[in-house]
Amino acid sequence: MTPEESIALIKANLAEVLNPEIIDDVILKEKRDLKVYWGTATTGKPHCGYFVSMVKIAELLAAGCHIKILLADLHAYLDNMKAPLELIEQRVKYYEFVVKGLLKAVGVDITKLEFIKGSSYQTSQNYTMDRFKMEGITRISVAQKAGAEVVKQTADPYLGGIIYPLMQALDEEYLDVDVQLGGLDQRKIFTFALENLPRIGYRVRAHLMHSMVPGLGEAQKMSSSEPDSKIDLLDSADVVAKKLKKAVCFPKKIEGNGVVAFVEHVIFRVASLKTGGKPHFTVERRDEEPLVYDDIEKLKADFEADILTPQLLKTALTKALNELLDPIRNEYAASEEWQKVTELAYPPEEKQQKAKKQKKEVDPAKRAAALAAKAEQLKLKEGGAEEAK
């Protein structure tokens with residue numbers, strides 16, 4: 001692959017690239033491999049939306065980039081305590097299992113990746129001093145705006161969520177990279193880093209942003225905190241089928257359609273990787289020839305024309321997605337260590353049992369008096385009835 005072809009692949013299939021000239025300079029002038037990092041906060045269980053990032057990581061590796069995977073354990077705690085401190089160590093292990101499983105599912109050689117735990121350097125003296133510098137020059141309103149699409153928003157936010165984007169900016173320097181990769185929801189944090197790292201003496205980086213897969217319900221993106229919006233990577237084949245069957249998929253509508261978007265950004269891209277750029281997607285039809293697509297634009301056109309209906313598309317996606325998830329599910333079933341880590345990282349929530357109402361204890365003397373009074377009333381009534389005769 002020529003340097004120009006490498007640059008083209010690095011910038012391909014993205015929604016936006018910030019400071020692309022940095023990428024050109026590293027490859028064409030400095031003549032070295034581009035260093036890229038992708039990070040994930042180790043919070044809830046990863047879902048199928050993660051395939052979008054994994055496919056891009058696969059392309060970056062093919063382009064000769066050096067990739068660092070940041071397992072951001074402290075960020076997971078800082079984001080409204082989505083991961084309790086006592087669980088983050090196990091969640092880091094769980095995420096490493098999952099990310100490796102995802103990458104192997106799309107055909108990536110994981111020996112070329114470097115996994116780094118955030119707390120391995122984010123508690124160092126130098127990092128802490130730089131964090132203090134960032135805190136000293138950043139207004140609360142600016143930090144809140146930077147994390148608005150990533151950190152959980154509340155009327156009265158915790159300080160951790162405000163510090164979150166500052167640390168993500170610093171990670172670019174401490175991971176010693178040229179580029180950070182993320183979804184479009186990271187854009188405000190990326191621009192915060194561009195504007196503020198130079199203020200404490202560090203260089204700016206380039207930023208690669210991929211599209212976000214809309215949720216299967218009404219959510220704008222698949223999210224671990226929105227159960228109806230996502231398909232978990234370890235969901236059974238039957239559960240995947242049920243979730244896709246219930247997914248919102250309006251006929252003839254492409255924009256905001258999570259089912260169409262998943263086919264475009266995951267199924268087609270994975271197929272392209274595995275076939276050397278010659279993807280195809282088959283939609284079986286009853287009593288008719290199947291629809292076979294090697295171009296996503298043709299699929300979209302048929303969907304808008306109602307040739308490809310939501311029901312047909314969901315059925316085909318269910319088959320393709322389950323084939324993609326099978327290796328991950330099989331690896332999990334064969335790994336006692338992964339299963340044990342899952343139990344420790346995501347212990348089942350204890351259901352609070354409703355306390356049984358205890359009967360009030362009645363004073364025996366009062367109870368006897370009440371019974372005697374009732375008996376006396378009955379005698380009086382019987383006596384009155386005898387006199388009436």
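Worth saying up front: this structure is predicted, and the values here are computed from it rather than measured.

A. How the structure looks around the overall build of the protein chain. For the protein chain, the helix and strand inventory stands at 16 helices and eight strands. For the protein chain, buried positions account for 46% of its 389 residues. Of the contacts formed within the protein chain by residues at least 6 apart in sequence, a portion of 74% connects residues at least 24 apart. Taken as a whole, the protein chain presents about 21300 Å² of accessible surface, with 51% of it coming from carbon and sulfur.

B. Examining the pairing of strand β6 (residues 206-210) more closely. A large share of β6 lies buried, amounting to five of its five residues. Both faces of β6 are covered, namely the face carrying Ala 206, Leu 208 and His 210 and the face carrying His 207 and Met 209. Direction of pairing for strand β1 (residues 16-18) relative to β6: antiparallel, over a ladder of three bridges. Note that in β6 the partner of Val 17 across the bridge is Leu 208. Two strands pair when backbone bridges link them, and strand β5 (residues 179-183) and β6 are joined in this way by five bridges, in the parallel orientation. The residue of β6 that forms the bridge with Val 179 is Ala 206. In this fold, the crossover linking β5 to β6 by way of helix α10 (residues 187-196) has right-handed handedness.

C. Geometry of the pattern of salt bridges. According to the stated counting rule, one finds 25 salt bridges in the structure shown. The salt bridge involving Asp 24 is made with Lys 11; its shortest N-O contact spans 2.9 Å. Of the two residues, Asp 24 sits in helix α2 (residues 20-29) while Lys 11 sits in helix α1 (residues 3-11), which places them 13 residues apart along the sequence. Two residues, Glu 264 and Lys 300, come together in a salt bridge whose shortest N-O distance is 3.0 Å. Here Lys 300 lies in helix α13 (residues 296-304) and Glu 264 lies in helix α12 (residues 258-274), a separation of 36 residues in the sequence. Relative accessible area serves as the criterion here: at 15%, Lys 300 is assigned to the buried category. Ionic contacts of the salt-bridge type, sharing partners, join the residues Glu 30, Arg 32, Asp 178 and Arg 203 into one network.

D. Up close: the packing of aromatic side chains. Under the defined criterion, the tally for this structure stands at nine aromatic pairs. Both rings, one in Phe 97 and one in Trp 338, keep their centres 5.3 Å apart while their planes meet at 5°; by these two values the pair is stacked. Taken as a pair, Phe 97 in helix α5 (residues 88-105) and Trp 338 in helix α15 (residues 336-345) lie far apart in primary sequence, 241 residues in all. Summarising the burial analysis for this pair, Phe 97 and Trp 338 share the class buried. For the pair Tyr 121 and Tyr 174, a centre-to-centre distance of 6.4 Å together with 5° between the ring planes defines the contact as stacked. With Tyr 121 in helix α6 (residues 119-122) and Tyr 174 in helix α9 (residues 159-174), this pair connects stretches of sequence that are 53 residues apart. Taken together, the ring pairs connect Trp 38, Tyr 50 and Tyr 95 into an aromatic cluster.

E. Molecular detail of helix α14 (residues 310-334). Spanning 25 residues, α14 covers 35 Å between terminal C-alpha atoms, matching the ideal 36 Å at 1.5 Å per step. Of all the bends in α14, the greatest reaches close to 40° and is centred on Leu 325; the proline Pro 327 follows between one and four positions later.

F. Quick look at helix α3 (residues 50-62). Taking 1.5 Å per residue as the helical rise, α3 with its 13 residues ought to reach 18 Å, and the 19 Å between its terminal C-alpha atoms agrees with that figure. Inspection of α3 places Tyr 50, Phe 51, Val 52, Ser 53, Met 54, Val 55, Lys 56, Ile 57, Ala 58, Glu 59, Leu 60 and Leu 61 among the buried residues, and these make up the whole buried set. Just past α3, the residue Gly 64 takes up positive phi, approximately 90°.

Reading guide: rules and limits
- Residues numbered from 1 in each chain as written.
- Predicted model: local features only at pLDDT ≥ 70, side-chain atom pairs only at ≥ 80, totals over all residues.
- Heavy atoms only, no water.
- Helix = DSSP H or I, 4+ residues; strand = E, 2+ residues; numbered from the N terminus.
- Buried < 20%, exposed > 50% of the residue type's maximum accessible area, 1.4 Å probe, protein only.
- Contact = heavy atoms within 4.5 Å.
- Areas by Shrake-Rupley, 256 points an atom, 1.4 Å probe, with all protein chains shown as cover.
- Pairing = 2+ DSSP bridges.
- Right-handed = clockwise from strand over helix to strand, strands pointing away.
- Salt bridge = Lys/Arg side-chain N within 4 Å of Asp/Glu carboxyl O.
- Phe/Tyr/Trp six-rings, centres within 6.5 Å; stacked < 30°, edge-to-face > 60°.
- Expected span 1.5 Å × (residues − 1).
- Bend = angle between axes of the 7 residues up to and from the residue.

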